[in-house]
Amino acid sequence: MSNNQKKRNFQIEAFKHKVVVDPKYPEKTWKILEHAIHEIYNHNASGLSFEELYRNAYNMVLHKFGEKLYSGLVSTMTFHLKEISKSIEAAQGGLFLEELNRKWTDHNKALQMIRDILMYMDRTFIPSTHKTPVHELGLNLWRDNIIHSSKIQTRLLNTLLELILRERTGEVINRGLMRNIIKMLMDLGPSVYQEDFEKPFLEVSADFYRVESQKFIESCDCGDYLKKAERRLNEEIERVSHYLDAKSEAKITNVVEKEMIANHMLRLVHMENSGLVNMLLDDKYEDLGRMYNLFRRVPNGLSTIRDVMTSHIRDTGKQLVTDPERLKDPVEFVQCLLDEKDKYDKIISLAFNNDKTFQNALNSSFEFFINLNSRSPEFISLFVDDKLRKGLKGVSEEDVEIVLDKVMMLFRYLQEKDVFEKYYKQHLAKRLLSGKTVSDDAERSLIVKLKTECGYQFTSKLEGMFTDMKTSQDTMQGFYTSHGAELGDGPTLAVQVLTTGSWPTQPSVTCNLPAEMSALCEKFRSYYLGTHTGRRLSWQTNMGTADLKATFGKGHLPDVCPHAVQQC
């Protein structure tokens, strides 16, 4: 313990003694270090002892000569950089950037070695005196003596901009060299990159694309113009990825977007024979998709497309629903509506990225023009009637569902849904009573869809009609089971017992039935009232049909057609 204590006392004691330093020490030591810096810049560093140089620099700081060391470093580096500047200035033509790049690489290597030698100064003297660290100092001196040299600054900018212009016009340039020079500007700090390159670059780019877009808009159709704009945009994005600062991407794409798209939006969408309406009419999905993707980049771009599309759909829809020729065929009328909806659904899906705002615009357009025609509810019901009578015969269950879903889509657009219900009930009644529906499942499926859309109240009577049909089948089976034997070969009767209120009413016309039929009807009445108490039957012969079969001798023409149907 005592030895250690003595040792510690000795170390502390040593610092208290005044160290006598040779008056020529700082100058001698600095000369050694100065010579070393010269040798480093002259590519003769291999003969230097970095350990010895580090010790010399360490001692200078330790003996309070840090200021001399620091100022000597600044003046020595400045001297070499001025010499380097002359060498770069003297480089001719394409060698200019190569010389600049070579000297920049040399300077960085030199800077690394100098920083290693002066590491102690960097860590102690510089923070305590708030001076600029060695590496940053080296960059600042390069900036001030090289990049901001009166003979280099403008030449450098013009050379870079000239190369980019050449690349834009199809020439191949040395991108690796460009990347190194731009990286140098970025290493010198954001303000150097922005002020000495990026701002002027963006300005000349705006001028370039302003002129080019004007040339294109005068000579190209809309589709070709959009291809050129897209290609230019991609080129600029690629250029950034190869040799510019990543932060420049948003700025340069903004320039292209403004000059090539935003400034010409209205002219493009309304371009004669090739604008947006022509693209919509001709289903040009690729061109429409390109327009959508380019226009979405600029303010009000998508709303411009959407407004023109909406206006076009409303105009064509209005023509469709008010065309007297179309009104002659309700089924064709509705099919045209469905075809139009399919067309724009496909465009929105394939070209407009399933954009909800475009879907909403399409829906509001259809709602607008479908309701311009007061007969739309009736026509949609007639379309369903046609499909469920014959149009869906032999069609798969999946395809039936697709048709029904399309009908429901049109139904949603109707403002007069109760008018549709009135017609639908009449048409459904005729299908059920005549037995001319292709599929009970399809009928029920549509009623389920209507119920989901509008609630129980809307479909309760429609469901009641199906219940009556099923109950009537059971009733007829019971009637023939109990009376079959006594009826013999006389006329057969099929009665549908309809609940008052569920079925559409029609004014009843008195029908004088043959005696055989009257007797049969009376038997059914007695049977029915006997099995159901408190009910009243009223015959609606005008809602029924009768089959008449006649047999004629050979050679005699019948006065009535066989299998004629008489509606009573």
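Residues numbered from 1 in each chain as written. Predicted model: local features only at pLDDT ≥ 70, side-chain atom pairs only at ≥ 80, totals over all residues. Heavy atoms only, no water.

For the rest of this paragraph, the subject is the overall build of the chain. Each helix and strand in the chain was counted, giving 25 helices and two strands. Computed over C-alpha atoms, the radius of gyration of the chain comes to 47 Å, more than 25% over the 24 Å expected from 2.2 N^0.38 for 568 residues, which places it beyond the range of a compact globule. C-alpha atoms of the chain, sized along the principal axes, occupy 150 × 80 × 40 Å. Looking at the chain as a whole, 42% of its 568 residues qualify as buried. Here the contacts in the chain between residues at least 6 apart in sequence split such that 74% fall between residues at least 24 apart. With an accessible surface of roughly 31,600 Å², the chain has 51% of that area assigned to carbon and sulfur atoms. Side chains of the chain give 76 positive and 79 negative charges; the mean places of these two sets differ by 6 Å. (Helix = DSSP H or I, 4+ residues; strand = E, 2+ residues; numbered from the N terminus. Rg over C-alpha atoms; globule rule 2.2 N^0.38 Å. Buried < 20%, exposed > 50% of the residue type's maximum accessible area, 1.4 Å probe, protein only. Contact = heavy atoms within 4.5 Å. Areas by Shrake-Rupley, 256 points an atom, 1.4 Å probe, with all protein chains shown as cover. Lys, Arg positive; Asp, Glu negative; His and termini not counted. Charge placed at Lys NZ, Arg CZ, Asp CG, Glu CD.)

Once the domains are mapped, the chain shows domain 1 (24-146), domain 2 (152-273), domain 3 (304-469) and domain 4 (506-567). Computed from C-alpha atoms alone, the centre-to-centre distance between domain 2 and domain 4 is 87 Å. (Domains from an automatic or database assignment.)

The next thing to look at is the nonpolar core. In terms of nonpolar packing, the biggest core is built from 81 residues, with Met 291, Phe 295, Phe 352, Leu 410, Tyr 424 and Leu 450 touching the most fellow members. In this structure, this core is formed jointly by two domains, domain 2 (152-273) and domain 3 (304-469), each of which donates at least three residues. Those residues within four positions of Met 291 in sequence are excluded, and the remaining contacts are Cys 222, Leu 226, Val 269, Leu 276, Met 279 and Ile 305. Counting 65 residues, the second-largest nonpolar core is a separate cluster that includes Ile 40, Ile 84, Ile 146 and Met 184. (Core = buried A, V, L, I, M, F, W, Y, C linked by side-chain atoms within 4.5 Å.)

A grouping of Glu 397, Glu 398, Asp 399, Asp 440 and Asp 441 is seen on the molecular surface, where their side chains present a negatively charged patch. For the negative patch, the secondary-structure elements that each account for two or more residues are α21 (397-413) and α23 (440-454). Element by element, the count of residues in the negative patch is highest for α21, at three residues. Mapping Glu 397 onto the fold places it in helix α21. (Patch = residues over 30% accessible without salt bridge, like charges linked within 9 Å, V, L, I, M, F, W, Y side chains within 5 Å. Salt bridge = Lys/Arg side-chain N within 4 Å of Asp/Glu carboxyl O.)

On to unusual backbone geometry. The phi torsion of most residues other than glycine is negative, and most of the peptide bonds are trans. For Lys 64, which is not glycine, the phi torsion reads 70° and is therefore positive. Mapped onto the elements, Lys 64 comes out in the loop between α3 (50-62) and α4 (66-90). Look at Lys 64 and you get exposed, because its relative accessible area is 73%. Not every positive phi belongs to a glycine, and Asn 300 is a case in point at roughly 65°. With respect to the helices and strands, the residue Asn 300 is situated in the loop between α16 (285-295) and α17 (301-322). In this structure Asn 300 comes out as exposed when scored by relative accessible area, which is 58%.

On to the confidence of the model for the chain. Taken over all residues, the pLDDT of the chain has a mean of 89, while the share at 70 or more is 93%. Predicted confidence for residues 1-18 stays below pLDDT 50, and this span has zero contacts to residues more than four positions away or in other chains. Note that pLDDT drops below 50 for residues 558-568; the model gives that stretch 25 contacts with residues more than four away or on any other chain. (pLDDT = per-residue confidence, 0-100.)

This part is about the pattern of salt bridges. Pairing between side chains of opposite charge can happen when their charged atoms approach one another. In total, this model carries 42 salt bridges according to the counting rule given. The partner of Arg 431 in a salt bridge is Asp 385, and the shortest N-O contact between them spans 2.6 Å. Linking Arg 431 in helix α22 (residues 417-434) with Asp 385 in helix α20 (residues 376-391), this pair joins segments that are 46 residues apart in sequence. Each member of the pair Arg 431 and Asp 385 is classed as buried. Taking the shortest distance from any N to any O, the salt bridge between Arg 412 and Glu 453 comes out at 2.8 Å. With Arg 412 in helix α21 and Glu 453 in helix α23, the pair connects residues that are 41 residues apart, well separated along the chain.

What follows concerns α16. Here α16 lies mainly inside the structure; eight of its eleven residues are buried. All of the buried residues in α16 are Asp 287, Leu 288, Gly 289, Arg 290, Met 291, Tyr 292, Leu 294 and Phe 295.

Here the focus is the packing of aromatic side chains. Under the definition given, this model contains 22 aromatic pairs. Plain terms: the ring middles of Tyr 70 and Phe 125 are 6.5 Å apart, the flat faces sit at 50° to each other, and that makes the pair tilted. Note that Tyr 70 is positioned in helix α4 and Phe 125 in helix α7 (residues 125-129), a separation of 55 residues in sequence. For Phe 125, a relative accessible area of 12% translates into the label buried. Aromatic pair Tyr 193 and Phe 197: ring centres 5.7 Å apart, planes at 50°, arrangement tilted. With Tyr 193 and Phe 197 both in helix α11 (residues 190-219), this residue pair falls four residues apart, about one helical turn. On the basis of relative accessible area, Tyr 193 is assigned to the buried category, the value being 2%. Members of the aromatic cluster, connected to one another through ring pairs, are Phe 479, Tyr 480, Phe 524, Tyr 527, Tyr 528 and Trp 539. The residue whose ring lies beneath Arg 168 is Phe 208, and the NZ or CZ to ring-centre distance is 5.4 Å. Its end group placed over the ring of Phe 216, Lys 228 keeps NZ or CZ at 5.0 Å from the ring centre. (Phe/Tyr/Trp six-rings, centres within 6.5 Å; stacked < 30°, edge-to-face > 60°. Lys NZ or Arg CZ within 6 Å of the ring centre and 35° of its normal.)

Bringing the side chain of Asp 385 into the picture now. The class of Asp 385 is buried, set by a relative accessible area of 9%. Those residues in contact with Asp 385 that lie beyond four places of it in its chain are His 427 and Arg 431.

Bringing α23 into the picture now. Spanning 15 residues, α23 covers 21 Å between terminal C-alpha atoms, matching the ideal 21 Å at 1.5 Å per step. The set of residues buried in α23 consists of Ala 442, Glu 443, Ser 445, Leu 446, Ile 447, Lys 449 and Leu 450. Backbone nitrogen of Asp 441 and a side-chain oxygen of the N-cap are separated by 3.2 Å at the start of α23; the cap is Ser 439. Just beyond α23, the residue with positive phi is Gly 455, at close to 95°. (Expected span 1.5 Å × (residues − 1). Polar contact = N/O pair within 3.5 Å; in protein donor to acceptor, adjacent residues only side chain to side chain.)

On to the packing of helix α18 (residues 330-350) against α20, then. It is the contact of α18 with α20, at a shortest axis distance of 8 Å, that shows an interaxial angle of 100°. Judged by the angle between their axes, α18 and α20 are roughly perpendicular. Between α18 and α20, the residues in contact are Pro 330, Val 331, Phe 333, Val 334, Gln 335 and Leu 338 and Ser 376, Phe 379, Ile 380, Leu 382, Phe 383, Asp 386 and Lys 387, respectively. Tallied by class, residues from the contact of α18 with α20 come to nine nonpolar, two polar and two charged. (Axes fitted to C-alpha atoms, helices over the stretch in contact; angles between N-to-C directions. Parallel < 35°, antiparallel > 145°, perpendicular 65-115°, else oblique. Nonpolar A, V, L, I, M, F, W, Y, C, P; charged D, E, K, R; others polar.)

This paragraph deals with the packing of helix α5 (residues 95-117) against helix α9 (residues 153-168). The packing of two helices is summarised by the inter-axis angle and the distance between the axes. The geometry of α5 relative to α9 is characterised by a closest axis approach of 11 Å and an angle of 115° between their N-to-C directions. Both α5 and α9 take part in a crossing whose hand is left-handed. Between α5, through Phe 96, Leu 97 and Leu 100, and α9, the contact on the second element is made entirely by Arg 155, Leu 156, Thr 159, Leu 160 and Leu 163. Of the residues that constitute the contact of α5 with α9, the class distribution is six nonpolar, one polar and one charged. (Left-handed = near helix turned anticlockwise from the far one by under 90°.)

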